[in-house]
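# Fold and contact review
So you can see what is in the structure, the chains are spelled out below.
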Amino acid sequence: MLSHIPRSRMYVAAAVAAVVLVSVAVALVLRQSSGPADAGADSTVAAAPSPTATPSEKGSASDSGSEDAEPGKPSGDNRAVGLKAEATSAPGVTARLARIDSVQATASLPGEIGGPALAITVKVKNQTGKKLDLSLGVVNAYYGPERTPAVSVASDGEVPFPASVAAGESAKGVYVFQIPEEARPVRVELDLGNGADVVVFKGRPQR
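Presented here is an overview of the structure given in this document. (Residues numbered from 1 in each chain as written. Predicted model: local features only at pLDDT ≥ 70, side-chain atom pairs only at ≥ 80, totals over all residues. Heavy atoms only, no water.)

## Brief notes about the sheet that holds strand S3 (residues 93-105)
Pairing within the open sheet is antiparallel, and its five strands lie in the order S2-S3-S4-S10-S8. Each end of this open sheet is capped by a strand with a single partner; those strands are strand S2 (86-90) and strand S8 (151-152). Relative to strand S10 (residues 170-178), strand S4 (residues 115-126) is paired through nine bridges, and the arrangement is antiparallel. Bridging from a neighbouring strand, Ala117 pairs with Gln178 of S10. (Pairing = 2+ DSSP bridges. Helix = DSSP H or I, 4+ residues; strand = E, 2+ residues; numbered from the N terminus.)

Spelled out as structure tokens, the structure:
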């Protein structure tokens, strides 16, 4: 019977059969590969929640003192002492706020703000047995529940720390900050540098 079928028809039938087989094979391969890929895409979306913290997460982060990692922000309350207390900055180095005076500051330099201010006298005592470098000492102040940075009025009565203090001696620095009279509480931070701890004083000064 096959001898009566023209060869051209046999060739056409064979070609059609080959195309059909190839199409079926391609369809099966695509179906198998599409299943795992789709499943992987779905799991990636589910495993990548929004990085935005919920209100409770934000509150817990703030309470744990995470602000210490952000440059320019005041450190957490876990190290704060009262305005009249003495704090240890490093072994043998203590600091306290010797005076807090209410003054009316006069602004003379760009960026300064005149008006009600606090002149804060910081006293550092050196009991390390050797000369203590104070050239890197920095004093910052903040006020209010939002810890608003107080503007320094360096041109009106500020007397920075000396470059160093001898063993067994004390040194003082006076720093003036523009702070509204109604602002409460007031926060003062002292950083002596050279790896010393930042000491924090916090309270409500009498004005």
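## Brief notes about the sheet that holds strand S6 (residues 138-143)
Note on sheets: strands pair through backbone hydrogen bonds, and any given pair is parallel or antiparallel. Pairing is mixed across the open sheet formed by five strands, whose spatial order is S1-S12-S11-S6-S7. The open sheet is flanked by strand S1 (80-81) and strand S7 (148-149), the only strands paired with a single partner. Note: strand S11 (residues 186-191) against strand S12 (residues 199-203), five bridges, orientation antiparallel. Bridge pairing links Leu190 to Val199 in S12.

## Notes on the pairing of S3
When S2 meets S3, the two strands line up antiparallel, connected through four bridges. What sits directly across from Ala90, in S3, is Val93. Here S2 folds back onto S3, and the loop between the two strands holds two residues, one of which, Gly92, carries a positive phi near 85°.

## Section: the pairing of S4
S4 sits mainly inside the fold: nine of its 12 residues count as buried. As paired elements, S3 and S4 share 12 bridges and run antiparallel to each other. Across the sheet, residue Ile100 finds its bridge partner in S4, namely Ile120. (Buried < 20%, exposed > 50% of the residue type's maximum accessible area, 1.4 Å probe, protein only.)

## Details of the layout of surface pockets
Taken as a whole, the largest pocket spans an internal volume of roughly 210 Å³. In terms of lining, the largest pocket is formed by Leu83, Lys84, Leu97, Ala98, Arg99, Ile100, Arg204, Pro205 and Gln206. Here the residues of the lining of the largest pocket are counted per class, giving five nonpolar, one polar and three charged. (1 Å grid on protein atoms, 1.4 Å probe; cavity = no way out; pocket = protein on both sides within 12 Å on 5 of 7 lines; lining within 4 Å. Points joined across faces, edges and corners; volume = space filled by probe spheres on them. Nonpolar A, V, L, I, M, F, W, Y, C, P; charged D, E, K, R; others polar.)

## A closer look at the nonpolar core
Counting residues in each nonpolar core, the largest one holds 29 residues, and the members touching the most others are Val124, Phe161, Ile179 and Leu190. Counting residues per element, the ones that place at least two in this core are S3, S4, S6, S10, S11 and S12. Element by element, the count of residues in this core is highest for S4, at four residues. Among residues more than four places away in sequence, those in contact with Val124 are Val93, Thr94, Ala95, Leu132, Leu134, Phe161, Glu169, Ser170, Ala171, Leu190 and Leu192. Counting five residues, the second-largest nonpolar core is a separate cluster that includes Ala105, Ala117, Ala119 and Val153. (Core = buried A, V, L, I, M, F, W, Y, C linked by side-chain atoms within 4.5 Å. Contact = heavy atoms within 4.5 Å.)

## Observations regarding the pattern of salt bridges
It is possible for side chains of opposite charge to pair when their charged atoms get near one another. Taken as a whole and assessed by the stated rule, the structure comprises two salt bridges. Of the charged contacts in the structure, one is a salt bridge between Glu189 and Arg187, with a shortest N-O distance of 3.2 Å. With respect to class, Glu189 is no different from Arg187; both count as buried. (Salt bridge = Lys/Arg side-chain N within 4 Å of Asp/Glu carboxyl O.)

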